[in-house]
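In case you want the letters, here they are:
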Amino acid sequence: MLARKGLIPEEFLLTRLAEDSSHTLYRPKARKARFVAKNGACNVAHKNIREQGRFLQDVFTTMVDLKWHHSLLIFTMTFICSWMLFAMAWWLIAFAHGDLGPRRSSFVPCVTNIQSFTSAFLFSIEVQVTIGFGGRMVTEQCPLAITVLIIQNISGLIINAVMLGCIFMKTAQANRRAETLIFSKHAVIACRDGKYRLMFRVGDLRKSMIISASIKIQIVKKTTTPEGEIIPISQVDIQVENPVGTNSIFLVSPLIVSHTIDEKSPLYTYSAYDLCNQDLEVVAILEGVVETTGITTQARTSYLPEEIVWGHRFVPIVTEEEGSYSVDYSKFGNTVKVHGPLCSAKDLANGKYHGHPKNGPYTKPLKKRRMETQESEKAGKEHVTENQSNDSDN
């Protein structure tokens, strides 16, 4: 989501290389479709909607939600149909009044210079868009023509207002501002202050701030209730802890948002090896008000188990230069490996981890631990065999 086309210079695309998933130690099994895409789009298809009329009850929102080519087609057809409809009305008025027949010297038509449907169509366009070339005009001979003129003017104003409002809302949609709210491609889990923390980085590329910004994290997974009910998409809110201390954030510079994995966390019993086999998704939601427009915007992303790197930490990207702070976005998603435990937070809290006491909760490398375990088991078996042979000799 960071390297959107046209938003960041090419040199900032180094983040993609730094965020390469090749450093991920665990390759989980293939997962089904994700709930929220990396760019924030919700991967949900709505099918078999029988009450389609509900969309027509809110025509304005429906038109704003349409794609641009559909909206432009509707706009064009709306104007053409209205011009054609009133052109037919003007032609009928001229036909009924006898304006299309031979002209007498003292005859005053309802609308001057209308001899055919084509000229009536041109007059309809002039009335509705207020061009006024001056070749055609309404006279006081026909009250009905004056009434149609008033109706067409009001209808044209309503159509213009609706169409301009739709275009404005489509160009100023909140998701456009969300394009410059970025998340790190990977999340990390590492020890901080003696506790596991799930962390990811969020930033804003624009200088205009997001007012009253808040962030929320959810765990989305398939669950089964004690009664046997299967919930395909279970959304569980988890506590967010950021440098400010609450869900509200002051997003002037990129921040590392974290979640402490404690007894209340759904990740409390997962070790580094358990997490990669879990069918879950961590969804991050950032909300706030755009300072320049006052429109509420929302940016979203998600992290699958293979996108959560265990035992890594984000590198600092904010430095002080000549009395001001500088942010290096080329290192936005860069992480550095740290030595830490691979056990679950529950085992860490209970002291069930491997490692030397001098290193606190830090653990030995996995291969070394496996070798030590195999050697101890082998030594134990040899000791048992030796005791059995001594008993048989006795």
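Residues numbered from 1 in each chain as written. Predicted model: local features only at pLDDT ≥ 70, side-chain atom pairs only at ≥ 80, totals over all residues. Heavy atoms only, no water.

Overview of the state of the cysteines
A covalent bond between the sulfur atoms of two cysteines is referred to as a disulfide.
And then number 1: Inspection of every chain in the model, using the stated rule, returns 1 disulfide.
And then number 2: Paired through a disulfide, Cys 110 and Cys 142 show a sulfur-sulfur distance of 1.5 Å. Because the torsion about its S-S bond is -45°, the bridge between Cys 110 and Cys 142 counts as left-handed. Separated by 32 residues along the polypeptide, Cys 110 in the loop between helix 4 (68-97) and helix 5 (117-129) and Cys 142 in the loop between helix 5 and helix 6 (143-171) bring together distant segments of the chain.
And then number 3: On the basis of relative accessible area, Cys 110 is assigned to the buried category, the value being 0%.
And then number 4: With a relative accessible area of 8%, Cys 142 lands in the buried category.
And then number 5: Take Cys 343: it sits in no disulfide, and the sulfur closest to it among the cysteines is that of Cys 191, at 7.9 Å.
And then number 6: For Cys 343, a relative accessible area of 12% puts it in the buried group. (Disulfide = S-S within 2.5 Å. Helix = DSSP H or I, 4+ residues; strand = E, 2+ residues; numbered from the N terminus. Buried < 20%, exposed > 50% of the residue type's maximum accessible area, 1.4 Å probe, protein only.)

Topic: the packing of aromatic side chains
And then number 1: This model, assessed by the stated rule, comprises 7 aromatic pairs.
And then number 2: Ring plane angle 80° and centroid distance 4.9 Å describe the contact between Trp 90 and Phe 123, whose orientation is recorded as edge-to-face. In this pair, Trp 90 sits in helix 4 while Phe 123 sits in helix 5, placing the two residues 33 residues apart along the sequence. Each member of the pair Trp 90 and Phe 123 is classed as buried.
And then number 3: Measuring from centroid to centroid gives 5.7 Å for Phe 200 and Tyr 303, while their planes differ by 35°, and the two rings are tilted. Placement of Phe 200 in strand 3 (residues 195-204) and of Tyr 303 in strand 8 (residues 296-303) is noted, with a sequence separation of 103 residues between them.
And then number 4: Overall, the relative accessible area of 1% leaves Phe 200 in the buried class. (Phe/Tyr/Trp six-rings, centres within 6.5 Å; stacked < 30°, edge-to-face > 60°.)

Some points on the pairing of strand 5 (residues 230-238)
And then number 1: Bridging between strand 4 (residues 210-224) and strand 5 involves 7 bridges; their strand directions are antiparallel. If you follow Ile 219 over to strand 5, its bridge partner there is Val 236. (Pairing = 2+ DSSP bridges.)

Let's talk about a nonpolar patch on the surface
And then number 1: The grouping of Phe 60, Ile 146, Ile 150, Ile 154, Ile 158, Val 162, Phe 168 and Met 169 at the surface amounts to a nonpolar patch, some 700 Å² of accessible area in total.
And then number 2: Counting residues per element, the nonpolar patch draws most heavily on helix 6, which supplies 7 residues.
And then number 3: Tracing the chain through its elements places Phe 60 in helix 3 (residues 59-65). (Patch = residues over 30% accessible without salt bridge, like charges linked within 9 Å, V, L, I, M, F, W, Y side chains within 5 Å. Areas by Shrake-Rupley, 256 points an atom, 1.4 Å probe, with all protein chains shown as cover. Salt bridge = Lys/Arg side-chain N within 4 Å of Asp/Glu carboxyl O.)

Some remarks on the packing of helix 4 against helix 6
And then number 1: Axis separation between helix 4 and helix 6 bottoms out at 11 Å; the angle between their running directions is 175°. By the angle class used here, helix 4 and helix 6 are roughly antiparallel. (Axes fitted to C-alpha atoms, helices over the stretch in contact; angles between N-to-C directions. Parallel < 35°, antiparallel > 145°, perpendicular 65-115°, else oblique.)

Considering unusual backbone geometry
And then number 1: Of note, Asn 113 is a non-glycine position whose phi angle comes to about 60°, a positive value.
And then number 2: Relative to the elements of secondary structure, Asn 113 occurs in the loop between helix 4 and helix 5.

Things to note about the pattern of salt bridges
And then number 1: For the coordinates displayed, the defined rule picks out 4 salt bridges.
And then number 2: Here Lys 38 makes a salt bridge to Glu 307, at a shortest N to O gap of 3.7 Å. Note that Lys 38 is positioned in the loop between helix 1 (14-18) and helix 2 (53-56) and Glu 307 in the loop between strand 8 and strand 9 (308-310), a separation of 269 residues in sequence. Across the pair, Glu 307 and Lys 38 agree in class, each one buried.

Remarks on helix 5
And then number 1: Along its 13 residues, helix 5 runs 18 Å from first to last C-alpha, staying within 8% of the 18 Å computed at 1.5 Å per residue.
And then number 2: Buried within helix 5 are the following residues: Ser 119, Ala 120, Phe 123, Ser 124, Ile 125, Glu 126, Val 127 and Gln 128.
And then number 3: Against helix 4 and helix 6 lie the buried residues of helix 5.
And then number 4: Just beyond helix 5, the residue with positive phi is Thr 130, at close to 55°. (Expected span 1.5 Å × (residues − 1). Contact = heavy atoms within 4.5 Å.)

Comments concerning the UniProt feature "transmembrane region" (unreviewed entry) in the chain
And then number 1: Summarizing the sequence annotation, UniProt attributes the feature "transmembrane region" (unreviewed entry) to residues 72-95 and 145-168 in the numbering used throughout.
And then number 2: Annotation note: span residues 72-95, helix share 100%, strand share 0%, distance between end C-alpha atoms 34 Å.
And then number 3: For the annotated span residues 145-168, helix accounts for 100% and strand for 0% of the residues, and the straight-line distance between the end C-alpha atoms is 34 Å. (UniProt positions renumbered as here; feature names shortened; annotations may be inferred.)

What to know about the environment of Thr 130
And then number 1: Looking at the secondary structure, you find Thr 130 in the loop between helix 5 and helix 6.
And then number 2: Spatially, the C-alpha atom of Thr 130 lies 8.6 Å from that of Asn 153, the residues being 23 residues apart in sequence.

A look at the sheet that holds strand 8
And then number 1: Pairing in this open sheet of 4 strands is antiparallel, and the strands run 5-4-7-8 from one edge to the other. Of all strands in the sheet, those with a lone pairing partner are strand 5 and strand 8, marking the two edges. The sheet shows a mean angle of 25° between the axes of neighbouring strands, taken without regard to direction.

Notes on empty space enclosed by the protein
And then number 1: A full pass over the atoms with the stated rule returns 2 cavities of 30 Å³ or more.
And then number 2: The computed volume of the second largest cavity comes to approximately 40 Å³.
And then number 3: Ile 189, Ile 261, Leu 267, Tyr 270, Leu 275 and Trp 310 are the residues that line the second largest cavity.
And then number 4: Residue classes in the lining of the second largest cavity are distributed as 6 nonpolar, no polar and no charged. (1 Å grid on protein atoms, 1.4 Å probe; cavity = no way out; pocket = protein on both sides within 12 Å on 5 of 7 lines; lining within 4 Å. Points joined across faces, edges and corners; volume = space filled by probe spheres on them. Nonpolar A, V, L, I, M, F, W, Y, C, P; charged D, E, K, R; others polar.)

Notes on the nonpolar core
And then number 1: Among the nonpolar cores identified, the biggest contains 40 residues, and Phe 183, Tyr 196, Phe 200, Ile 215 and Leu 286 are the most heavily contacted of them.
And then number 2: With residues up to four places along the chain from it excluded, the contact list for Leu 286 reads Leu 181, Phe 183, Val 202, Ala 213, Ser 214, Ile 215, Ile 249, Leu 251, Thr 297, Gln 298 and Ala 299. (Core = buried A, V, L, I, M, F, W, Y, C linked by side-chain atoms within 4.5 Å.)

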